[in-house]
Structure formats: C-alpha cells, structure tokens
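Residue-level listing of the chains:
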Amino acid sequence: MARLPRFDVPGQPQHVIQRGNNRSIIFAGEEDYQFYLKKLGDACQKFQCDLNAYVLMTNHVHLLITPHLKVRIGKVMQMLGRYYVHVQYFNHQYNRTGTLWESRYKAILLDSEQYLLTCSRYIELNPVRADMVGYPAKYPWSSYDFNALGLSDSLIKEHNIYTALGAGAAVSDPFVH
C-alpha cells in the first residue's frame, strides 16, 4: 500500500510523535537523551525547522516543530533515524539489531491560533501524566523549563504566538502556588 503524503506547510507547526517498536525503550541512559537532543538540534538547524517544544519519554518522543520550507520535518526525522537509531548509535551502543521505531512518525498539522499553546502544554506535561514526576520541572528531558520558567534551552525557538504573550509569560509557572 502506498504511503499517504504528508502535509508540510511552511510556518505551520506540527505535533510529531514517534514511538519505540512494541513500546520498547528508546532511551536507556542519560547519554542517549543527550545524543538524541544533539542530533535533533543539528537536524532542525540543517533543515530549517524551529523546535518549539519537546519531551523525550523512555519509549517515545513528542516534538512541536515549525518548518520554514516544505518537506522539512520528514528530513529532520530521517536524519534522526539515520544517526540515532541504526548503525551509528543506539544499535551499536546496546549491541542490538533491527528497527527501533514502531512505524513512521506521526505528524499532526496544528491550527496554531487555537492549539499551539495547548499542544505545547500537553507535550511538556507528559511525564507528570505518566507518573514519572510530580512536577514537570523535575523531568530533565523536556522544554518545560524554557517555556514555563524562562530558563535557557538552545534547542528551542519561540513560536510567534508564544512570543505574542509578552514579556514575563515564561516565568508564570502554573505549578507554583
């Protein structure tokens, strides 16, 4: 069966989800997360995409990506697959063979006016919903610290809808009472 074409609209954010095969782990140690984030940053820069939010869970990832040109998110995910999954990292690191991913990544084109901030929050609160942490800032593999607390994260580029909230929006942590 032919693969359905993907919609890659320049300037329009997409929620990208990729799961480990059979829900297996895709990050076994801290160095795995760091390596993936490095390659994600390299791929976004090379293919002119902004990473607006992310969370790396043990067996899947959620990314909020805004491409600047057509067919760029696919290139980002392809580069990640080549460098992280196959020969060069994970399989070599853990002496394994075969696919790491369950299937092709899934991408949902967002209506940025209505859904961008909601999607960003959904992504960054994933570790809390999964009962991995009680507070999202305690999970080191997400963009929460940047988007909610205003801390530095060189991977993240603010979307213009987020920027339009104004100065000080990032330091309004909803978990601090």
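The text that follows walks through the structure, step by step, so that each part is easy to find.

Parameters and conventions
Residues numbered from 1 in each chain as written. Predicted model: local features only at pLDDT ≥ 70, side-chain atom pairs only at ≥ 80, totals over all residues. Heavy atoms only, no water. Helix = DSSP H or I, 4+ residues; strand = E, 2+ residues; numbered from the N terminus. Buried < 20%, exposed > 50% of the residue type's maximum accessible area, 1.4 Å probe, protein only. Contact = heavy atoms within 4.5 Å. Areas by Shrake-Rupley, 256 points an atom, 1.4 Å probe, with all protein chains shown as cover. Phe/Tyr/Trp six-rings, centres within 6.5 Å; stacked < 30°, edge-to-face > 60°. Core = buried A, V, L, I, M, F, W, Y, C linked by side-chain atoms within 4.5 Å. Lys, Arg positive; Asp, Glu negative; His and termini not counted. Salt bridge = Lys/Arg side-chain N within 4 Å of Asp/Glu carboxyl O. Patch = residues over 30% accessible without salt bridge, like charges linked within 9 Å, V, L, I, M, F, W, Y side chains within 5 Å. Pairing = 2+ DSSP bridges. Axes fitted to C-alpha atoms, helices over the stretch in contact; angles between N-to-C directions. Expected span 1.5 Å × (residues − 1).

**A word on the overall build of the chain**
Counting its secondary structure elements, the chain contains seven helices and four strands. For the chain, the residues scored as buried account for 46% of the 177 residues in total. Of the contacts made within the chain by residues no fewer than 6 positions apart, 71% connect residues no fewer than 24 positions apart. With an accessible surface of roughly 9700 Å², the chain has 53% of that area assigned to carbon and sulfur atoms.

**Observations regarding the packing of aromatic side chains**
Overall, the coordinates contain four aromatic pairs when judged by the stated rule. Look at Phe27 and Tyr36: their rings are 5.3 Å apart centre to centre, the planes differ by 90°, and that puts the pair in the edge-to-face class. Assigned by exposure class, Phe27 and Tyr36 land together as buried. Taking the centre distance of 6.4 Å and the plane angle of 75° together, the rings of Tyr135 and Tyr144 count as edge-to-face. With a relative accessible area of 4%, Tyr144 lands in the buried category.

**Some remarks on the environment of Asp32**
Mapped onto the secondary structure, Asp32 falls in helix 1 (residues 30–46). By relative accessible area, Asp32 is classed as buried at 0%. Here the alpha-carbon distance between Asp32 and Phe90, two residues 58 residues apart in the chain, equals 7.7 Å.

**Regarding the nonpolar core**
Across soluble globular proteins, you tend to see nonpolar side chains buried next to one another. With 43 residues, the main nonpolar core has Tyr36, Leu40, Leu51, Leu56, Leu63 and Val76 as its most contacted residues. Of all the elements in the fold, those that place two or more residues in this core are helix 1, strand 2 (49–56), strand 3 (60–67), helix 2 (72–85) and helix 4 (112–124).

**As for the side chain of Glu124**
Among the secondary structure elements, Glu124 is positioned in helix 4. The side chain of Glu124 sits in the buried core without any salt bridge; Arg121 is the nearest counter-charge, 8.0 Å away. Those residues in contact with Glu124 that lie beyond four places of it in its chain are Ala53, Tyr54, Pro136, Ser142, Ser143, Tyr144 and Asn147.

**Brief notes about the side chain of Gln14**
With respect to the secondary-structure elements, Gln14 resides in strand 1 (residues 14–19). On the accessibility criterion, Gln14 (4% relative accessible area) is buried. Apart from the residues lying within four places of it in its own chain, the contact partners of Gln14 are Phe7, Asp8, Val9, Leu63, Leu64, Ile65, Ile73, Ala107, Ile108, Leu109 and Leu110.

**Considering a nonpolar patch on the surface**
Side chains of Phe7, Val9 and Leu109 sit close together on the surface and give an oily, nonpolar patch of about 280 Å² of accessible area. Summarising the element assignment, Val9 is placed in the segment before strand 1. Assessed through its relative accessible area of 36%, Val9 is described here as partly exposed.

**Focus: the sheet that holds strand 1**
The strand order across the open sheet built from four strands is 2-3-1-4, with neighbouring strands paired in antiparallel fashion. Only two strands of the sheet have a single partner each, and these edge strands are strand 2 and strand 4 (106–109). Averaged over all adjacent pairs, the angle separating strand axes in this sheet is 20°, with direction ignored. As paired elements, strand 1 and strand 4 share four bridges and run antiparallel to each other. The residue bridging Ile17 from the neighbouring strand is Lys106, located in strand 4. Strands in contact with helix 1 are strand 2 and strand 3; relative to strand 2, the strand with the most contacts, it is inclined by about 165°.

**Here we look at helix 1**
Over its 17 residues, helix 1 extends 24 Å from the first C-alpha to the last, a length consistent with the 24 Å expected when each residue adds 1.5 Å. Residues of helix 1 that are buried include every one of Asp32, Tyr33, Tyr36, Leu37, Lys39, Leu40, Gly41, Ala43 and Cys44, and no others. Following helix 1 by one or two positions, Gln48 adopts a phi angle in the positive range, close to 55°.

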